[in-house]
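# Report on the structure
This is what each chain is made of:
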Amino acid sequence: MRHLFIPATREEMERRGWDSLDVVIVSGDAYIDSPYNGAAIIGHWLIDHGFRVGLIPQPSLDSGGDVLSLGVPELFWSVTAGSVDSMVANYSPMRKFRKEDDFTPGGRNDRRPDRATIAYTNLIKRHSKGKPIVLGGVEASLRRVAHYDYWSDSVRRSVLFDAKADAITYGMGELSNLELARRMRDGQPWDGTDGVCVIGKSVPDGYLEMPSFEECRDSKESFMDAFETFHENCDPAYAKGLAQRHGDRYLIQNRPSRRLTTGELDAVHSLDYEYAVHPVSARLGHVRAMDTIRNSVTTHRGCYGGCSFCAVHAMQGRDVVSRSQGSIVAEVARMASAKGFDGVVRDVGGPTANMYGTYCNVGGCDGGRCLFPEPCPNLVLDHAPSMALLEAVRSVNGVRKAFVASGVRHDMVLADGENGEAYLRALCGHHISGQMKVAPEHVSKKVLDLMGKPGVGKLTEFKGMFDRINSDVGKRQFLTYYFMVAHPGCGDREAGEISRYCSDVLGIRPEQTQVFTPTPSTASTAMYHTGMEPFTRKPVAVEKSNKGKHSKKAKVVGGRGK
């Protein structure tokens, strides 16, 4: 008998014959049982490896009733704020409270607390003693060392200290959570597990010591020293363990977990997901996030882009791990055979849609960015695997249309002289519905250099190719451009450049324009806090006032800035 949902009620535990659990996951999101949900992945992964796991979504902070509903775990509590940092989920770039939350039933932002990782840890500690609390997910991973917090405009300690938890499993946590569970079960030491942060009394042998929390708090130079050390030690191929003093103790970051293999990533996506919202969440209202991820498929993890404002490097890694074509097609076939499937696969993609099948000839290095300012010669940019995959997906019985809704890296299309244009032709002919997303983010060379994004000439060239192909196939389709203002280095003049380029070259008035949000542990956030460019220490102008940010957005969208 197959049991699909991770138990979220005592009744579901009993149906499995479990009177207690090894691990209880507490999440800031509604319980969506899908590989798009990190808590669901970790829960199913541990169950598949023989552990008893339960999941508690969005527990009330008013009492211990929700959080203790499945009992106290035998091994550890696992706490995640959810799919995004809770402060990003709860506040706009202007620090205004968001009234809506796509990951909360009913769409009302009334169940995810600020700093949810800390709030849930405190909740557990008030009502349960004796079992380790392990933090995970985006919020804990990106706040694992001393970091700049935009919402308090301050440098905060590692969330491990602020939450008073026992460990963090950082990044994509399948291997670290599994190893942690095995070591705890077997009574073995677990504080040296790869992909885990703990608190220690001294710096372990061979670990690099970063500037302390107090030094980062008091000196922007020290903050940047720490950020550079952190940034250079995120890749398992060459990273060293890190240590950072907080008062009289140390945050110890063990080396990152290795990347999953293709076979392991296939296994993650073949677990017994229900691909639905669990009844404990569904009874409270419609969960809008499910509309986006329903009938979508993830093809790979990681991103070679290395954009300064993006956290994927610190969370998923810059190396791309692609699923096998057979695994993806099997998932689409399951999707197509499900009751109510309308024949449309909403997205075949990942962090960047056209990085599927991309790899590094030398297996990674500790050099510069892979795509900026030009693609590294060791990076194999070949769109043939993507084209073969898309052809196989649209050939699945019951599939009428398979869209690529994830963003496409336009400079990669241009760099692939052999198959780039053929890939774009396949997209225009079969896989977009009138519009295609690209994210140039800016047009000013100064700002693009700080972002680590390609020059605007490549966008102009790509648009020409896109328009020519659509003319050839007889379709009237458009590019949707995503721009960002108030990024470090973006002043009024640079914002005006976007407006003029869009008017003069693209013939549009851009509407998909966002204001830069300084999220923890990115290079752009380090620039925002220090006014310096990482590694060069060149000064960077930073807009910090809401009035100035509004002004820059208004210059781009024609006076409709909010």
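Here is a short report on the structure shown in this document. (Residues numbered from 1 in each chain as written. Predicted model: local features only at pLDDT ≥ 70, side-chain atom pairs only at ≥ 80, totals over all residues. Heavy atoms only, no water.)

A few words now on the overall build of the protein chain. Within the protein chain, the secondary structure is distributed over 22 helices and 24 strands. Here the C-alpha atoms of the protein chain give a radius of gyration of 23 Å, agreeing with the 24 Å that 2.2 N^0.38 yields for 562 residues. Taken along the three principal axes of its C-alpha coordinates, the protein chain extends 65 × 60 × 45 Å. Within the protein chain, the fraction of its 562 residues that count as buried is 58%. Of the contacts made within the protein chain by residues no fewer than 6 positions apart, 75% connect residues no fewer than 24 positions apart. Roughly 22,400 Å² of accessible area belongs to the protein chain as shown, and the carbon and sulfur atoms make up 48% of that amount. Counting 71 positive and 67 negative side-chain charges, the protein chain places the centres of these two groups 5 Å from one another. (Helix = DSSP H or I, 4+ residues; strand = E, 2+ residues; numbered from the N terminus. Rg over C-alpha atoms; globule rule 2.2 N^0.38 Å. Buried < 20%, exposed > 50% of the residue type's maximum accessible area, 1.4 Å probe, protein only. Contact = heavy atoms within 4.5 Å. Areas by Shrake-Rupley, 256 points an atom, 1.4 Å probe, with all protein chains shown as cover. Lys, Arg positive; Asp, Glu negative; His and termini not counted. Charge placed at Lys NZ, Arg CZ, Asp CG, Glu CD.)

Take the sheet that holds strand β23 (residues 478-485) next. The three strands lie next to each other as β22-β23-β24, forming an open sheet whose pairing is parallel. The open sheet is flanked by β22 (435-441) and β24 (513-515), the only strands paired with a single partner. The average angle at which neighbouring strand axes cross in this sheet is 25°, direction not considered. In the sheet, β23 pairs with β24 via three bridges, with the strands oriented parallel. (Pairing = 2+ DSSP bridges. Axes fitted to C-alpha atoms, helices over the stretch in contact; angles between N-to-C directions.)

For the rest of this paragraph, the subject is the packing of aromatic side chains. Under the counting rule described, the total for this entry stands at eight aromatic pairs. Relative to Y275, the ring of Y273 has its centre 5.9 Å away and its plane inclined at 75°; by these criteria the two rings are edge-to-face. Across the pair, Y275 and Y273 agree in class, each one buried. What links up through ring pairs into an aromatic cluster is the set Y148, Y150, W151, F516 and Y528. Sitting above the plane of the Y275 ring, R334 keeps its charged end 3.6 Å from the centroid. Taking NZ or CZ as reference, K544 lies 4.9 Å from the ring centre of Y528, over its face. (Phe/Tyr/Trp six-rings, centres within 6.5 Å; stacked < 30°, edge-to-face > 60°. Lys NZ or Arg CZ within 6 Å of the ring centre and 35° of its normal.)

Right, let's get into the nonpolar core. L135, V345, L424 and M436 are the most contacted members of the largest nonpolar core, which totals 144 residues. Broken down by element, this core gets its largest block of residues, seven residues, from helix α2 (residues 38-48). Not counting residues up to four positions away in its chain, the partners in contact with M436 are V408, L424, L427, F462, F466, F478, L479 and T480. In this structure, V312, V320, M355 and M412 belong to the second largest nonpolar core, which totals 11 residues. (Core = buried A, V, L, I, M, F, W, Y, C linked by side-chain atoms within 4.5 Å.)

Considering all chains together, one arrives at 34 salt bridges under this definition. Across the pair D186 and R185 runs a salt bridge, and its minimum N-O distance is 3.0 Å. For R185, a relative accessible area of 46% puts it in the partly exposed group. Residue D492 is joined to K552 by a salt bridge in which the shortest nitrogen-to-oxygen separation is 3.1 Å. You can see D492 sitting in helix α20 (residues 492-506) and its partner K552 sitting in helix α22 (residues 546-557), a full 60 residues away along the chain. With relative accessibility at 37%, the residue D492 sits in the partly exposed group. Residue classification places K552 among the buried positions, given a relative accessible area of 4%. Put simply, D85, R115, R143 and D149 are held in one network by salt bridges that share partners. (Salt bridge = Lys/Arg side-chain N within 4 Å of Asp/Glu carboxyl O.)

This part takes up the state of the cysteines. For the structure on display, the rule yields zero disulfides. Among the cysteines around C303, which has no disulfide bond, C310 carries the closest sulfur, lying 6.3 Å off. Overall, the relative accessible area of 13% leaves C303 in the buried class. In this model C502 remains outside any disulfide bridge; the closest cysteine sulfur is found in C490, 12 Å from its own. A relative accessible area of 0% places C502 in the buried class. (Disulfide = S-S within 2.5 Å.)

The next subject is the sheet that holds strand β8 (residues 167-169). Read across the sheet, nine strands follow the order β3-β1-β4-β5-β8-β9-β12-β11-β10 without closing on themselves; strand pairing throughout is mixed. The open sheet has two free edges, formed respectively by β3 (53-57) and β10 (208-210), since each of these has just one partner strand. Across the sheet, the axes of successive neighbouring strands diverge by a mean angle of 25°, strand direction being ignored. Judged from the three bridges that link them, strand β5 (residues 133-136) and β8 form a sheet pairing that is parallel. Residue V134 lies in a different strand from β8, and its bridge partner there is A167.

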